[in-house]
Amino acid sequence: MFSSDGTLMMSARWDSSAQLWSAADGQPIGTRRNHQGGAHRVAISNDNTLLATTQNNNLVRVWQRPSDNIVLHSIEHWGERPRISPDGNLVTPGILHETTLMNPSLRAGLQVLFTSTGEPPGPEIRPPGMSLDSCICSGNQSVAIVSFDEQDGWLSVWHVASGAATLAPVKLPGRPVSVSA
């Protein structure tokens, strides 16, 4: 869908997300707008300040348009679904969060970053196995991680600044797909 002035376009994707684009250069504006169910239709307000998306269960979401230059840093293969802390200061990679993606690019280590600079507040964290999802806990002191090795799923909590485990990895009854704190 194109905006009424032809400067923007918005698309709905098979992965249940919608994306705003610059019509002039085809570059994305802001981050993808994620849905838990399929994002089927999109709309842009006449003044280009609001975006609307619909989900397959008839849920309509209205979003404030992001600024044109919201991406400060780009890191290849960092995470399919970045998870931002409640206060917006930290970000951690989420791989499978709110998606049915079956073949994600998993990573052994995990790095939390400041959203303002893209710099890490602490060392890389190494949970058991491959990271599937992570989220910043309230207060920005800890990151919760679910991971999977060849046989077992794990939940662990780590101190962001030191990289030390604050909750030793706990074996889960199966393969996890998401974590929230």
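Residues numbered from 1 in each chain as written. Predicted model: local features only at pLDDT ≥ 70, side-chain atom pairs only at ≥ 80, totals over all residues. Heavy atoms only, no water.

Student: If you had to explain the nonpolar core to someone new, which residues and values would you point to?
Tutor: Counting nine residues, the largest nonpolar core consists of Leu 90, Leu 110, Val 112, Ile 125, Ile 136, Val 143, Ile 145, Trp 158 and Val 160. Once residues within four sequence positions are removed from consideration, Val 112 is found in contact with Leu 90, Val 91, Thr 92, Pro 120, Pro 121, Ile 136, Val 143 and Val 160. (Core = buried A, V, L, I, M, F, W, Y, C linked by side-chain atoms within 4.5 Å. Buried < 20%, exposed > 50% of the residue type's maximum accessible area, 1.4 Å probe, protein only. Contact = heavy atoms within 4.5 Å.)

Student: Give a description of the sheet that holds strand β9 (residues 113-114) that names residues and reports values.
Tutor: Reading across the sheet, the three strands line up as β7-β8-β9 and stay open at both edges, with antiparallel pairing between neighbours. In the strand order of this sheet, the two ends are held by β7 (83-84) and β9, each with one partner. Sheet topology places strand β8 (residues 90-92) next to β9; two bridges connect them, and they run antiparallel. Each residue of the ladder has a partner; that of Leu 90, found in β9, is Phe 114. (Pairing = 2+ DSSP bridges. Helix = DSSP H or I, 4+ residues; strand = E, 2+ residues; numbered from the N terminus.)

Student: Report on the environment of Met 10, specifying residues and quantitative values.
Tutor: Within the element layout of this structure, Met 10 appears in strand β1 (residues 8-12). According to the relative accessible area criterion, Met 10 is buried, its value standing at 3%. On a C-alpha basis, the gap between Met 10 and Leu 51 in space is 8.6 Å, while along the polypeptide they are 41 residues apart. Setting aside chain neighbours within four positions, we find Met 10 in contact with Met 1, Ala 18, Gln 19, Leu 20, Trp 21, Val 42, Ala 43, Ile 44, Leu 51, Ala 52 and Thr 53.

Student: Go over unusual backbone geometry with me, naming the residues and quoting the values.
Tutor: Phi angles above zero are rare outside glycine, and Asn 48 is one such case at about 65°. Relative to the helices and strands, Asn 48 resides in the loop between β4 (39-44) and β5 (50-55). The backbone of Asn 140 shows a phi angle near 60°, a positive value even though the residue is not glycine. If you trace the backbone, Asn 140 turns up in the loop between β10 (130-136) and β11 (142-148).

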